[in-house]
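Breakdown of the fold
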Amino acid sequence: MRPRLMVMGPTGAGKSTLIAALTGSGEPVRKTEHVTFSDYAVDTPGETFDMPRLYFVLINSAVKSGLVLLVSDATRPRSFPGGFAKVMKPPVIGVINKVDVAGATGIEMSRRALKVAGVKEVFAVSGRGGQGLEELKGRIEEILGRCSGNEW
Ligand SMILES: Nc1nc2c(ncn2[C@@H]2O[C@H](COP(=O)(O)OP(=O)(O)OP(=O)(O)O)[C@@H](O)[C@H]2O)c(=O)[nH]1
Ligand SMILES: [Mg+2]
């Protein structure tokens with residue numbers, strides 16, 4: 001099986017909504033209670049990001065993933081620990097989410113926060129409205145496609 005996409009970030013940032021949009025599942029999104037594995041993705045509860053003592057859960061779960069999306073909610077931009085993305089084994093892409101409702105300042109603050117986290121590549125999207133998703137999806141496919149057949 002090819003490595004999964006892993007999605008992490010603060011509570012309510014829109015991680016599960018983003019996964020549903022990327023897979024076109026159409027299923028209603030509920031609060032993520034625990035780390036959830038599907039064929040395509042690893043969804044994580046925001047609490048694993050909000051509580052630093054739980055970072056090990058994210059770091060461990062990422063080991064067998066092919067790509068990590070680090071999601072920032074542009075309506076409530078929060079800082080990430082410096083270099084946070086660099087402790088993950090797979091490559092990390094930054095996602096600025098909720099651009100359908102966020103202002104320019106929020107988007108810029110998210111962009112800066114992701115940069116501090118050590119993320120080089122950033123996509124601005126709306127998991128709910130669909131903006132930017134095709135481009136993000138294309139990049140995900142490119143990276144995960146390259147992982148196919150790899151032993152992780
Ligand atoms: N306007 C807007 N709302 C969004 C977007 N993405 C998610 N939301 C809303 O944000 C809320 C939280 O979305 P979730 O997908 O549950 O967030 P999460 O990051 O998975 O949250 P946890 O599982 O608690 O960590 C829901 O009410 C979503 O409808 C978006 O792109 N735009
Ligand atoms: Mg969730």
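The name given to the protein in an unreviewed UniProt entry is 50S ribosome-binding GTPase, with Aminithiophilus ramosus as the source organism. Recorded in UniProt for the protein, the comment headed Sequence similarities (unreviewed entry) runs: "Belongs to the EutP/PduV family."

Further remarks concern the overall build of the protein. If you tally the helices and strands in the protein, you get five helices and six strands. The linear arrangement of helices and strands in the protein, starting from the amino end, is β-α-β-β-α-α-β-β-α-β-α. Taken against the 2.2 N^0.38 rule, which gives 15 Å for 152 residues, the C-alpha radius of gyration of the protein at 14 Å falls within 12% of a compact globule. Here the C-alpha coordinates of the protein stretch approximately 40 × 35 × 30 Å along the principal axes. Counting every position in the protein, which comprises 152 residues, the buried fraction comes to 46%. Once local pairs closer than 6 in sequence are excluded, the contacts in the protein between residues at least 24 apart make up 72%. When the accessible surface of the protein is totalled, it reaches about 7700 Å², and 53% of it is carbon and sulfur. For the protein, the distance from the average position of its 20 positive side-chain charges to the average position of its 15 negative side-chain charges is 6 Å.

Take the coordination of the magnesium ion (ligand 2) next. Here the magnesium ion (ligand 2) is held by S16 (OG) and T32 (OG1), and the distances to it run 2.0 to 2.1 Å. In this pair, S16 sits in helix 1 (residues 15–23) while T32 sits in the loop between helix 1 and strand 2 (36–37), placing the two residues 16 residues apart along the sequence. Neither residue differs from the other here; S16 and T32 are each classed as buried.

Let us look at the pattern of salt bridges. Inspection of the entire model under this criterion finds nine salt bridges. A salt bridge links D73 to R76, with the nearest nitrogen and oxygen atoms 3.6 Å apart. Residue D73 is classed as buried on the basis of its relative accessible area of 3%. With a relative accessible area of 49%, R76 lands in the partly exposed category.

What counts, and where the lines are drawn
Residues numbered from 1 in each chain as written. Chains lettered and ligands numbered in written order. Predicted model: local features only at pLDDT ≥ 70, side-chain atom pairs only at ≥ 80, totals over all residues. Heavy atoms only, no water. UniProt positions renumbered as here; feature names shortened; annotations may be inferred. Helix = DSSP H or I, 4+ residues; strand = E, 2+ residues; numbered from the N terminus. Rg over C-alpha atoms; globule rule 2.2 N^0.38 Å. Buried < 20%, exposed > 50% of the residue type's maximum accessible area, 1.4 Å probe, protein only. Contact = heavy atoms within 4.5 Å. Areas by Shrake-Rupley, 256 points an atom, 1.4 Å probe, with all protein chains shown as cover. Lys, Arg positive; Asp, Glu negative; His and termini not counted. Charge placed at Lys NZ, Arg CZ, Asp CG, Glu CD. Donors = N, O, S within 2.8 Å, 3.2 Å for Na, K, Ca; no water. Salt bridge = Lys/Arg side-chain N within 4 Å of Asp/Glu carboxyl O.

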